[in-house]
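Inside the fold
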Amino acid sequence: MISISLCMIVKNEEDVIGRCLECAKDIADEIIIVDTGSTDSTIEITKKYTKKIYHFNWVDDFSKARNYAFSKASKDYIMWLDADDIISENDIIKLKQLKNNLDTSVDMVMMKYNVAFDEYGNPTLTYYRERLISRKKNYQWISPIHEVIPPSGNIIYSDIAIVHKKLHSSDKSRNLRIFNKMINQGLELDPRQQFYYSRELYYNGEYQKAIDNFNKFLNSKQGWIPNCISACIDLSDCYQKINDPDNALLALLRSFEFDKPIPEICCKLGNHFLENSNIELAIFWYELAITNKSDIKNGGFHNEDYSGYIPYIQLCVCYDKIGNIKKAVFYNNKAGELKPNDMAFLYNKNYFQSKETTN
């Protein structure tokens with residue numbers, strides 16, 4: 001059996017930290033808390049779970065804070081969580097099994113990170129993160145913002161999921177402020193930072209500046225392929241925000257420079273042609289979304305709805321528009337198999353039943 005150090009950096013997390021540590025207390029052999037300036041009861045709550053509480057002066061650099069936390073670890077492997085992460089009972093069991101059976105030749109265990117959810121609690125945005133790391137390899141976090149440990153060594157992928165469950169919204173402009181500080185200090189953004197900087201501009205409504213920086217990132221030809229594809233999607237959305245549908249379409253098509261069309265791209269292309277009443281082309285792209293499955297293990301962002309529910313419900317609309325009711329009903333039923341309580345599915349179901357009655 002391996003031993004695990006749980007390392008966390010926290011600040012003013014009194015509403016979630018106890019929930020997180022309750023999930024982790026029977027998994028971790030030691031819990032290391034690095035506080036970056038809490039003024040609430042965060043520290044008092046963590047004292048119920050560990051004595052290993054340290055203070056770190058915040059310097060607008062998440063990687064430095066995480067590396068400091070890692071430096072305090074003493075067990076075989078290091079696991080990290082954010083304060084608003086939780087672990088389901090089923091995944092706690094899986095983590096305990098992993099702890100008992102992990103081959104110590106493994107350097108890094110990648111686990112799913114579920115970060116967005118539909119109204120029924122089903123994850124709608126998932127990606128893999130480096131979650132359990134061999135301490136003896138002395139891995140280091142890099143990048144002040146959107147920090148990461150570059151994957152290397154003997155890596156395995158687990159179906160264990162960590163759930164990011166916020167109770168309150170965070171400071172929307174914090175990440176952008178840190179990026180702007182880096183730029184003002186004369187730091188050159190690497191391709192990964194350029195991608196995330198462009199995203200922060202987009203999230204903060206600076207659409208034209210985001211467009212310029214997404215294009216700079218894509219034109220560099222140095223980005224990681226999943227990031228390039230995500231950049232094309234975000235770039236398209238930015239063009240939509242400034243009412244430039246032609247360039248929005250071109251941004252989606254540009255993703256083909258990097259890989260085959262992923263389901264999200266296919267659905268967005270389907271939406272474009274549906275909005276322009278080109279139903280046959282819309283059907284082509286929605287059907288391709290169903291068959292062109294993306295590989296979550298490539299590290300990119302993954303939304304399962306784009307592989308199933310969304311194209312099914314949109315194909316229902318498309319086939320209804322061209323009068324093929326049999327196929328429209330078929331695809332609506334396929335959507336209902338995935339989300340039987342969804343309002344769109346139920347509306348369509350009643351719509352088709354009413355058509356049968358009137359006919």
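Because the structure is a prediction, the values reported are computed rather than measured.

Considering the environment of Ser5
By the secondary structure assignment, Ser5 is in strand β1 (residues 4-10). Given the relative accessible area of 0%, Ser5 is considered buried. Separated by 22 residues in the primary sequence, Ser5 and Ile27 have C-alpha atoms spaced 9.1 Å apart. Residues within four places of Ser5 in sequence aside, it is in contact with Glu30, Ala73, Ser74, Lys75, Tyr77, Ile78 and Met79. One polar contact links Ser5 to Glu30, side chain to side chain, over a distance of 2.5 Å.

With respect to a nonpolar patch on the surface
Where nonpolar side chains cluster on the molecular surface, the patch consists of Leu250, Leu253 and Phe256 and spans about 250 Å² of accessible area. Relative to the helices and strands, Leu250 resides in helix α9 (residues 245-254).

Re the pattern of salt bridges
The final tally for this structure, using the stated rule, is 16 salt bridges. Between Lys339 and Asp118 there is a salt bridge whose closest N-O contact spans 3.0 Å. In this pair, Lys339 is assigned in the loop between α13 (325-338) and α14 (343-358) and Asp118 in the loop between β6 (108-117) and β7 (123-134), connecting sequence segments 221 residues apart. The pair formed by Lys339 and Asp118 is uniform in burial state, with each residue classed as buried. In this structure, Arg129 engages Glu130 in a salt bridge whose closest nitrogen and oxygen atoms are separated by 2.8 Å. Overall, the relative accessible area of 13% leaves Arg129 in the buried class. The buried category is assigned to Glu130, whose relative accessible area is 2%. Several salt bridges converge on common partners, so that one network encompasses Arg66, Asp82 and Glu147.

Regarding the packing of helix α5 (residues 174-184) against helix α6 (residues 191-203)
Packing of α5 against α6 leaves a shortest axis separation of 9 Å and a crossing angle of 130°. One way to sum up the angle between α5 and α6 is to call them oblique. α6 is crossed by α5, and the crossing has left-handed handedness. Between α5 and α6, the contacting residues are Asn175, Leu176, Phe179, Asn180, Met182 and Ile183 on the first element and Gln193, Tyr196, Tyr197, Glu200 and Leu201 on the second.

Focus on the packing of aromatic side chains
Evaluated as defined, the whole model comprises 20 aromatic pairs. With a centroid separation of 5.1 Å and an interplanar angle of 75°, the aromatic rings of Phe330 and Tyr331 are classed as edge-to-face. Note on Phe330: relative accessible area 44%, which makes it partly exposed. Looking at Tyr331, the relative accessible area reads 12%, which means it is buried. What links up through ring pairs into an aromatic cluster is the set Phe70, Trp80, Tyr113, Tyr127, Trp141 and Phe301. Taking the ring centre of Trp141 as reference, the NZ or CZ of Arg66 above it sits at 5.2 Å. Across the ring face of Tyr113, the terminal group of Arg131 is positioned such that the distance to the ring centre comes to 4.6 Å.

As for the pairing of β7
Here β7 lies mainly inside the structure; 10 of its 12 residues are buried. With three bridges joining them, strand β4 (residues 77-80) and β7 adopt antiparallel strand pairing. Paired with Tyr77 across the strands is Ser134, a residue of β7. Here β6 folds back onto β7 in antiparallel fashion, the turn holding five residues, of which Gly121 has a positive phi close to 85°.

Remarks on unusual backbone geometry
Not every positive phi belongs to a glycine, and Asn12 is a case in point at roughly 50°. Relative to the assigned elements, Asn12 resides in the loop between β1 and α1 (17-24). Even without being glycine, Lys221 reaches a positive phi, approximately 60°. Along the polypeptide, Lys221 turns up in the loop between α7 (207-220) and α8 (225-241). Its relative accessible area of 54% is what places Lys221 among the exposed residues.

Rules used in this analysis
Residues numbered from 1 in each chain as written. Predicted model: local features only at pLDDT ≥ 70, side-chain atom pairs only at ≥ 80, totals over all residues. Heavy atoms only, no water. Helix = DSSP H or I, 4+ residues; strand = E, 2+ residues; numbered from the N terminus. Buried < 20%, exposed > 50% of the residue type's maximum accessible area, 1.4 Å probe, protein only. Contact = heavy atoms within 4.5 Å. Polar contact = N/O pair within 3.5 Å; in protein donor to acceptor, adjacent residues only side chain to side chain. Patch = residues over 30% accessible without salt bridge, like charges linked within 9 Å, V, L, I, M, F, W, Y side chains within 5 Å. Areas by Shrake-Rupley, 256 points an atom, 1.4 Å probe, with all protein chains shown as cover. Salt bridge = Lys/Arg side-chain N within 4 Å of Asp/Glu carboxyl O. Axes fitted to C-alpha atoms, helices over the stretch in contact; angles between N-to-C directions. Parallel < 35°, antiparallel > 145°, perpendicular 65-115°, else oblique. Left-handed = near helix turned anticlockwise from the far one by under 90°. Phe/Tyr/Trp six-rings, centres within 6.5 Å; stacked < 30°, edge-to-face > 60°. Lys NZ or Arg CZ within 6 Å of the ring centre and 35° of its normal. Pairing = 2+ DSSP bridges.

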